[in-house]
Each structure stands twice: as C-alpha cells, then as structure tokens.
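In case you want the letters, here they are:
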Amino acid sequence: MNILVIHGPNLNLLGQREPGIYGEETFEKLNSDIMEKAASLGVGCEIYQSNHEGGIIDKLHEAIGKFDGVLINAGAYTHYSYAIMDAISAIKIPCIEVHISNVDSREEFRKISLIGPVCRATVSGFGRNSYLLAMDGLVGLLK
Ligand code: DQA
C-alpha cells in the first residue's frame, strides 16, 4: 500500500509560522514523524509540498496508478480552490482532508472547505497529530 501526503502553501514554514497556532516543531520533523508512522503501519509513503495550486493538481494527477490513498492539507486553498476540489474528484483515489488547527473555530472563511465534500473524511484540530491520526484512518479504510 502506498500513501501520498500533500502539503499545500506555507506549510513548509512550520516551526516559524504562527507557532501559537501551528506549533514550534519544524516541517522536517513533521515529515520524519509521518514517515515513521507509515513505516510502523507497513505502508509506503511519499511526501510532497507545493506553494502552487497547479503543482498540487499535477501531483494529484500523477497519483493515479501509483498511490492507494492521499492525505492532503491544502492550506488556504482548502477554502477557495475549485480546481483542487475537481482534481480530487477526478482521480478517484480516497483522499483525507487534514488540518493542523481546528478550522471551524477560526475565522469565518476557514469554516468553508471546498475539498471536504469530495474527501472520504476530515481530520482537523489535533495539531501535527492530525496527519498521524489521518494516516491510521486511511490505512484502516484501505485494508
Ligand atoms: C491549515 C488551515 C488553513 O486555514 C490555513 O490556511 C493553513 C493551514 C491547517 O493545517 O490548520 O495554511 O490547513
């Protein structure tokens, strides 16, 4: 089983970016925790980050035939990208929407997710653990 993890815009700045909301651990540490989790579950994992909508869409297309499931934190694109929403629908690979913060407890615009309805599930508000919980859930769904 192979899982693709997609991080959207600004997530590469984890550790420096608004630590009160997103925590003080670095992006590199998060990724090594994700890889460790995948290894403990016995699944393959690739991690991709892009600050560009088109890069995320291209990566979703490339996932066809290569990955069994996707974890996606689309960052702010979550709230307004019809193109990423359409790409998730198009690839027909189970995707889980992930957020570090509890998006429903923040500004009004963050309460809208265009990608949530086309994902199998959403994990939000557990800090970096959202990714690890989402991976458990996704692997469970795929087994
Ligand atoms: C985020 C929440 C988004 O609203 C925000 O734009 C992000 C990060 C999160 O992981 O909590 O970039 O997706």
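Remember, it's a predicted structure, so these values are computed and weren't measured experimentally.

Undergrad: Give a detailed account of the packing of helix α2 (residues 27-41) against helix α5 (residues 129-142), specifying residues and quantitative values.
TA: Look at α2 against α5: their axes get within 10 Å of each other, and the N-to-C directions meet at 25°. Classified by the angle between their axes, α2 and α5 sit roughly parallel to one another. The two elements α2 and α5 meet at a crossing, and its hand is right-handed. Contacts from Leu-30, Asp-33, Ile-34, Lys-37, Ala-38 and Leu-41 of α2 reach α5 at Tyr-131, Leu-132, Met-135, Asp-136 and Val-139.

Undergrad: Which residues make up the nonpolar core, and what values go with them?
TA: Membership of the largest hydrophobic core comes to 22 residues, with the highest contact counts inside it found for Ile-3, Val-5, Leu-14, Ile-34, Leu-71, Tyr-131 and Met-135. At the level of elements, β1 (2-7), α2, β4 (95-99) and α5 are the ones that each hand at least two residues to this core. A per-element tally of this core places α5 first, with six residues. Counting 21 residues, the second-largest nonpolar core is a separate cluster that includes Ile-84, Met-85, Ala-87 and Ile-115.

Undergrad: Got a sec to walk through the sheet that holds strand β3 (residues 69-73)? Specific residues and values, please.
TA: One open sheet holds the five strands; their spatial order is β2-β1-β3-β4-β5, and the pairing between them is parallel. Looking at which strands have only one partner, the edges of the open sheet turn out to be β2 (44-49) and β5 (121-124). Sheet twist, expressed as the average angle between the axes of neighbouring strands with direction ignored, equals 20°. In the sheet, β1 pairs with β2 via six bridges, with the strands oriented parallel.

Undergrad: Can you explain the packing of helix α3 (residues 53-62) against helix α4 (residues 82-91)? Please cite residues and give values.
TA: Between α3 and α4, the shortest axis-to-axis distance is 9 Å and the interhelical angle comes to 5°. Relative to α4, the element α3 lies roughly parallel. Of the residues in α4, those in contact with Glu-53, Ile-56, Ile-57, Leu-60 and His-61 of α3 are Ala-83, Ile-84, Ala-87, Ile-88 and Ile-91. Here the contact of α3 with α4 is composed, by residue class, of eight nonpolar, one polar and one charged.

The rules behind the values
Residues numbered from 1 in each chain as written. Predicted model: local features only at pLDDT ≥ 70, side-chain atom pairs only at ≥ 80, totals over all residues. Heavy atoms only, no water. Axes fitted to C-alpha atoms, helices over the stretch in contact; angles between N-to-C directions. Helix = DSSP H or I, 4+ residues; strand = E, 2+ residues; numbered from the N terminus. Parallel < 35°, antiparallel > 145°, perpendicular 65-115°, else oblique. Left-handed = near helix turned anticlockwise from the far one by under 90°. Contact = heavy atoms within 4.5 Å. Core = buried A, V, L, I, M, F, W, Y, C linked by side-chain atoms within 4.5 Å. Buried < 20%, exposed > 50% of the residue type's maximum accessible area, 1.4 Å probe, protein only. Pairing = 2+ DSSP bridges. Nonpolar A, V, L, I, M, F, W, Y, C, P; charged D, E, K, R; others polar.

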